[in-house]
Amino acid sequence: MNRKTSRGNRWALALIGSVLLVLGGLAAGRGLGGLGSADTPIVDGGVRGFFTGNSPAIWWVVAVVSIVVALLALRWLLVQGRREVTHRPIRLEGSPAGFSEVSADGVSQAVAADVASSPAVVSADARVADSRYPPEVRLRVVADERAPIGELRWHLSAVALQHLRDALRTDHVHTVARVSLEPPPAPHRMVR
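### Details of the side chain of threonine 170
Part 1 of the reasoning: Residue position: threonine 170 is located in the loop between helix H5 (149–168) and strand E5 (175–182).
Part 2 of the reasoning: A distance of 3.4 Å separates a polar atom in the side chain of threonine 170 from the backbone oxygen of histidine 172.

Spelled out as structure tokens, the structure:
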């Protein structure tokens with residue numbers, strides 16, 4: 001999740017929390033007798049008359065509002081899972097003579113191949129998250145559960161990510177690696 005999404009989540013949750021806090025306070029005040037008697041119904045004759053008088057139209061409004069809220073909630077859910085993978089070229093630091101660009105897909109494939117070259121890795125996938133310089137790289141690694149984790153860590157930092165830093169001519173590349181451990185695949189036997 002990026003900073004923009006996080007900020008939007010905080011504001012939305014703060015707004016919803018504030019509304020619920022006010023409504024909860026009003027309900028508690030009503031229940032304790034501070035805002036009228038606790039025995040009187042919350043929905044009085046005027047509210048019931050409004051819903052009865054506008055019966056067909058009010059339910060259409062309620063349905064439309066419900067659909068809008070559901071669509072907003074669905075959009076929020078989709079934004080949470082969105083991966084900001086880029087396919088645009090990454091522009092390297094320029095010089096007075098010009099600048100160089102590299103393919104984001106090519107960088108992703110090269111990093112995944114470097115990671116997968118370790119004997120401890122069962123499979124690897126890499127994605128470039130954005131086209132800023134230096135880019136953010138997200139790795140998904142499935143490693144052999146019997147392999148020493150220190151060897152895998154060394155391979156990631158000293159081989160795969162070092163090759164990436166060398167290729168991009170930078171000292172730092174923000175990387176997020178998700179490593180899961182699985183048993184190694186069973187060897188295939190050919191019977192003739």
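### Quick notes on the sheet that holds strand E3 (residues 121–128)
Part 1 of the reasoning: Taken together, the three strands give an open sheet; going across it, the order is E3-E4-E5, and neighbouring strands pair in mixed fashion. Each having just a single partner strand, E3 and E5 make up the two edges of the open sheet. Going across the sheet, the axis of each strand differs from the next one's by a mean of 10°, ignoring polarity.
Part 2 of the reasoning: Both strand E4 (residues 137–144) and E5 contribute to a ladder of eight bridges, which runs parallel. When the sheet's bridge partners are listed, valine 142 is paired in E5 with serine 180.
Part 3 of the reasoning: In this fold helix H4 (residues 104–116) packs onto E3 and E4, with an angle of close to 160° to the strand it touches most, E3.
Part 4 of the reasoning: In this fold H5 packs onto E3, E4 and E5, with an angle of close to 145° to the strand it touches most, E4.

### Points about a nonpolar patch on the surface
Part 1 of the reasoning: On the surface, a cluster of nonpolar side chains totalling about 770 Å² of accessible area is made up of Leu15, Ile16, Val19, Leu20, Val22, Leu23, Leu26 and Leu35.
Part 2 of the reasoning: For leucine 23, the position within the fold is in helix H1 (residues 3–31).

### Thoughts on the environment of serine 157
Part 1 of the reasoning: Relative to the helices and strands, serine 157 is located in helix H5.
Part 2 of the reasoning: Separated by 42 residues in the primary sequence, serine 157 and valine 115 have C-alpha atoms spaced 9.7 Å apart.
Part 3 of the reasoning: Residues within four places of serine 157 in sequence aside, it is in contact with Gln162 and Arg165.

### Structural notes on the pattern of salt bridges
Part 1 of the reasoning: Here the structure, examined in full by the defined rule, presents four salt bridges.
Part 2 of the reasoning: Among the salt bridges present, the one from arginine 140 reaches aspartate 125, with a minimum N-O distance of 2.8 Å. Here arginine 140 is found in strand E4, whereas its partner aspartate 125 is found in strand E3, with 15 residues between them in sequence.
Part 3 of the reasoning: One salt-bridge network, in which partners are shared between bridges, spans Asp125, Arg127 and Arg140.

### Some details on H5
Part 1 of the reasoning: Here H5 spans 27 Å end to end across 20 residues, near enough to the 28 Å set by a 1.5 Å rise per residue.
Part 2 of the reasoning: At leucine 161, H5 shows its strongest bend, of approximately 35°.
Part 3 of the reasoning: Listing the buried residues of H5 in full gives Leu152, His155, Leu156, Val159, Ala160, Leu161, Leu164, Arg165 and Leu168.
Part 4 of the reasoning: Directly after H5, the chain includes arginine 169, whose backbone phi takes a positive value near 55°.

The rules behind each value
- Just so you know, the residues in each chain are numbered from 1, in the order the chain's sequence is written.
- Whole-chain, interface and lining totals are the exception, using all residues; otherwise, since this is a predicted model, local features are given only for residues with pLDDT of at least 70 and side-chain atom pairs are given and counted only at 80 or more.
- The side-chain values count all of the structure's non-hydrogen atoms but skip hydrogen atoms and water molecules.
- A run of H or I in DSSP counts as a helix once it spans at least four residues, and a run of E counts as a strand once it spans at least two, with each numbered from the N terminus.
- Polar contacts here mean pairs of N or O atoms no more than 3.5 Å apart (in protein, one a potential hydrogen donor and the other a potential acceptor; neighbouring residues in sequence count only if both atoms are side-chain atoms).
- Whether two strands pair comes down to DSSP finding at least two bridges between them.
- Axis angles are defined between N-to-C directions and span 0 to 180 degrees, where every axis is a line fitted to C-alpha atoms and, for a helix, only to the segment in contact.
- Whether two residues are in contact is decided by their heavy atoms: any pair within 4.5 Å suffices.
- What goes into a patch is any residue over 30% in relative accessible area without a salt bridge, connected to like charges within 9 Å or, for nonpolar side chains (Val, Leu, Ile, Met, Phe, Trp, Tyr), within 5 Å.
- Accessible areas in this description were obtained via Shrake-Rupley with a 1.4 Å probe; residue shielding takes into account the shown protein chains only.
- A carboxyl oxygen of Asp or Glu within 4 Å of a side-chain nitrogen of Lys or Arg is what we treat as a salt bridge.
- Residue count minus one, scaled by 1.5 Å, sets the expected span of a helix.
- At any given residue, the bend is defined as the angle formed between two axes, one fitted to the seven residues that end at that position and one fitted to the seven that begin there.
- When a residue's accessible area, from a 1.4 Å probe over protein chains only, is under 20% of the maximum for its type it is buried; when over 50% it is exposed; and in between it is partly exposed.

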